[in-house]
Amino acid sequence: MKRTVELPIRTVSEANQREHWGKKAARAKVHRRMTAAILLAKVGKCQPNDPPDCITLTRIAPRSLDSDNLAGSFKAVRDGIQDWCGVNDRDLVFVYAQRRGKPGEYAVEIAMEWQ
């Protein structure tokens, strides 16, 4: 079974942001909570004994990131998935991807697969 959810989140390269730590923390908090809340609303409660076998996170944006910045941009989203699922995110398998969006289009697509 496969479920796909799109989140209206604008991920950024956290390693390249030169901003106050409070602004970064606030953005991460919003992304984490939004991820968990939208997954709960659209997919329902995740059972900790039946987490997804593979989760593909796709960043949709006008410009792409290199691979290490792409992974870092998903940190808060991964934590939100962990909150929703009730398991440690190191026990989940993540695959990262990105695709070009229209000018001003930003989102994160989460594709979860269960066998």
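Caption draft 1: Spotlight on the pairing of strand β2 (residues 54-61). A large share of β2 lies buried, amounting to seven of its eight residues. Of the pairings in the sheet, the one linking β2 to strand β4 (residues 107-113) comprises seven bridges and is antiparallel in character. Bridge pairing in β4 places Ile55 opposite Met112. Here seven bridges tie β2 to strand β3 (residues 94-100), and the two strands are oriented parallel to one another. Across the sheet, Thr58 pairs through a bridge with Ala97, a residue of β3.

Caption draft 2: Molecular detail of helix α1 (residues 21-42). Its 22 residues place the ends of α1 32 Å apart at the C-alpha level, agreeing with the 32 Å of an ideal helix rising 1.5 Å per residue. Here α1 has its buried residues at Arg27, His31, Thr35, Ala36, Ile38 and Leu39. Of the surrounding secondary structure, the elements contacted by the buried residues of α1 are β1 (2-7), α3 (75-85) and β4. Backbone geometry just downstream of α1 places Gly44 in the positive-phi region, at approximately 100°.

Rules and cut-offs
- Residues numbered from 1 in each chain as written.
- Predicted model: local features only at pLDDT ≥ 70, side-chain atom pairs only at ≥ 80, totals over all residues.
- Heavy atoms only, no water.
- Buried < 20%, exposed > 50% of the residue type's maximum accessible area, 1.4 Å probe, protein only.
- Helix = DSSP H or I, 4+ residues; strand = E, 2+ residues; numbered from the N terminus.
- Pairing = 2+ DSSP bridges.
- Expected span 1.5 Å × (residues − 1).
- Contact = heavy atoms within 4.5 Å.

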